[in-house]
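A structural walkthrough
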Amino acid sequence: MSNLSNVFQQRPDAGRAESPLHHAGLAELVGKGPAHTGVTLREKKLLGHLVLRGDGKSAEFAGSVHQVLGLELPSALMLVSNGDTSLQWLAPDEWLLIVPGGSEYETELKLREALNGQHISVVNVSGGQTLVELSGPKVRDVLMKSTSYDVHPLNFPVGKAVGSNFAKSQLVIRRTGEDVWELVVRRSFADYIWLWLQDASAEYGLAIKA
C-alpha cells in the first residue's frame, strides 16, 4: 500500500485554530512583567508536530529523511534543527518533527513520497501539543524545582532532549541554547503547566514574550 494513502489536510482555516494555551491570554501579558526578569516565556504556538517512525539503522531511511528535511537523524536523547524545523529522538525507531505552522501537511506528503515502499509511519499530532520556550538566567532554577531530572549543564548540554516528569505531570524538556529551553506540552496539561510556571518563576520575575 502506498504511504500516500489516507493523508489529508488537518489544519483548520486561519483564525479558527486555537493553541493549547489560548485561554491563558498570553498576548495580553506581553510587556506587563517586572522590570527585572529572570525567566521569559513564549509559546511557540500552532507549529506543525509530526511523529515519524521507521528503521533508524537503515541507511535508506536516514537518507530519505535527510533528502526531505536536510537534517541527519539525531542520536539517542538528542535533537537537531535547521531554522524553525527540528527533529528530536524519542525512541530507537521514533522521532518528533516540528515544522513551521502550516507546512506540516506538505512536509508529511514529501516524507511519505520519499519513504514510499519502506515500513514507516507519519502521524500529525499538531493539535495535541504545544511548544513553550523558556529563556533567561533563572530558567535552570525553575527546572530544578519542577523535575527530578538532572538539568546541570554537564548532564544536559545544548541539543539534548528528554521526556521526564515535570510538576507531577510529564512532558519533554529540550535545551536549545545556553539559557534557552523548550517544553513540549500535551494539550491536556497546558493550563496546569502554565499555572505551575507562573508560581515557580515568581521569585525570579516572569515576563511574557510574543
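In what follows, the accompanying structure is described. (Residues numbered from 1 in each chain as written. Predicted model: local features only at pLDDT ≥ 70, side-chain atom pairs only at ≥ 80, totals over all residues. Heavy atoms only, no water.)

1. Focus: the sheet that holds strand 4 (residues 85-91)
In space, the five strands of this open sheet follow the order 3-4-5-2-6, with antiparallel pairing throughout. Edge positions in the sheet fall to strand 3 (79-82) and strand 6 (121-124), since each of these pairs with one other strand and no more. Ignoring strand direction, the axes of neighbouring strands in this sheet form an average angle of 20°. Pairing of strand 2 (residues 48-53) with strand 6 involves four bridges; the strand directions are antiparallel. Bridged to L50 within strand 6 is N124. The strands that helix 2 (residues 59-69) touches are strand 2, strand 4 and strand 5 (94-99); relative to strand 2, the one it contacts most, it runs at about 160°. (Pairing = 2+ DSSP bridges. Helix = DSSP H or I, 4+ residues; strand = E, 2+ residues; numbered from the N terminus. Axes fitted to C-alpha atoms, helices over the stretch in contact; angles between N-to-C directions. Contact = heavy atoms within 4.5 Å.)

2. Observations regarding the sheet that holds strand 9 (residues 169-177)
In space, the six strands of this open sheet follow the order 8-9-10-7-1-11, with mixed pairing throughout. Every other strand in the sheet has two partners, leaving strand 8 (161-166) and strand 11 (206-208) as the edge strands with one partner each. Put simply, the sheet's adjacent strands are angled 30° from each other on average, direction ignored. Relative to strand 10 (residues 180-186), strand 9 is paired through five bridges, and the arrangement is antiparallel. By the bridge assignment, I173 is partnered in strand 10 with L183. On the sheet, helix 4 (residues 139-146) packs against strand 1 (39-44), strand 7 (129-135), strand 8 and strand 10 and is oriented at approximately 40° with respect to strand 10. Against the sheet, helix 5 (residues 190-201) makes contact with strand 1, strand 7, strand 8, strand 9, strand 10 and strand 11, and its axis sits at roughly 135° relative to strand 11, the strand it touches most.

3. Remarks on the pattern of salt bridges
This structure, assessed with the given rule, holds nine salt bridges. Across the salt bridge formed by K44 and E182, the nearest N and O atoms sit 2.8 Å from each other. Remark: E182 occurs in strand 10 and K44 occurs in strand 1; sequence separation between them is 138 residues. Two residues, K145 and E203, come together in a salt bridge whose shortest N-O distance is 2.7 Å. With K145 in helix 4 and E203 in the loop between helix 5 and strand 11, this residue pair connects regions lying 58 residues apart in the sequence. Note on K145: relative accessible area 37%, which makes it partly exposed. Looking at E203, the relative accessible area reads 57%, which means it is exposed. Three or more residues joined by partner-sharing salt bridges are found here, namely R42, K44, E133, R174 and E182. (Salt bridge = Lys/Arg side-chain N within 4 Å of Asp/Glu carboxyl O. Buried < 20%, exposed > 50% of the residue type's maximum accessible area, 1.4 Å probe, protein only.)

4. Here's the deal with the nonpolar core
Core analysis: the biggest nonpolar cluster contains 28 residues, and L41, F166, L183 and L197 have the highest contact counts within it. Going through the elements one at a time, strand 1, strand 7, helix 4, strand 8, strand 9, strand 10, helix 5 and strand 11 are the ones with two or more residues in this core. Counting residues per element, this core draws most heavily on helix 5, at five residues. In this structure, W89, W95, V99 and V122 belong to the second largest nonpolar core, which totals 16 residues. (Core = buried A, V, L, I, M, F, W, Y, C linked by side-chain atoms within 4.5 Å.)

5. Quick word on the side chain of S86
Relative to the elements of secondary structure, S86 occurs in strand 4. Side chain to side chain, S86 and R174 meet in a polar contact 2.9 Å long. Beyond its immediate sequence surroundings of up to four residues, S86 is in contact with L71, V80, S81, L96, L97, I98 and R174. (Polar contact = N/O pair within 3.5 Å; in protein donor to acceptor, adjacent residues only side chain to side chain.)

6. Notes on the environment of P157
For P157, the location among the structural elements is in the loop between helix 4 and strand 8. With 39 residues separating them in the primary sequence, P157 and Q118 have C-alpha atoms 34 Å apart.

7. A few points about the pairing of strand 9
Regular strands have side chains that alternate between both faces of the sheet. With seven of its nine residues buried, strand 9 lies for the most part within the structure. For strand 8 and strand 9, the ladder comprises six bridges, and the chain directions are antiparallel. In the strand pairing of strand 9, S164 is matched with L171. Between strand 8 and strand 9, which pair antiparallel and follow one another directly, the connecting turn spans two residues, one of which, A167, has a positive phi of 55°. Hairpin remark: strand 9 followed by strand 10, antiparallel, with two residues in the connecting loop.

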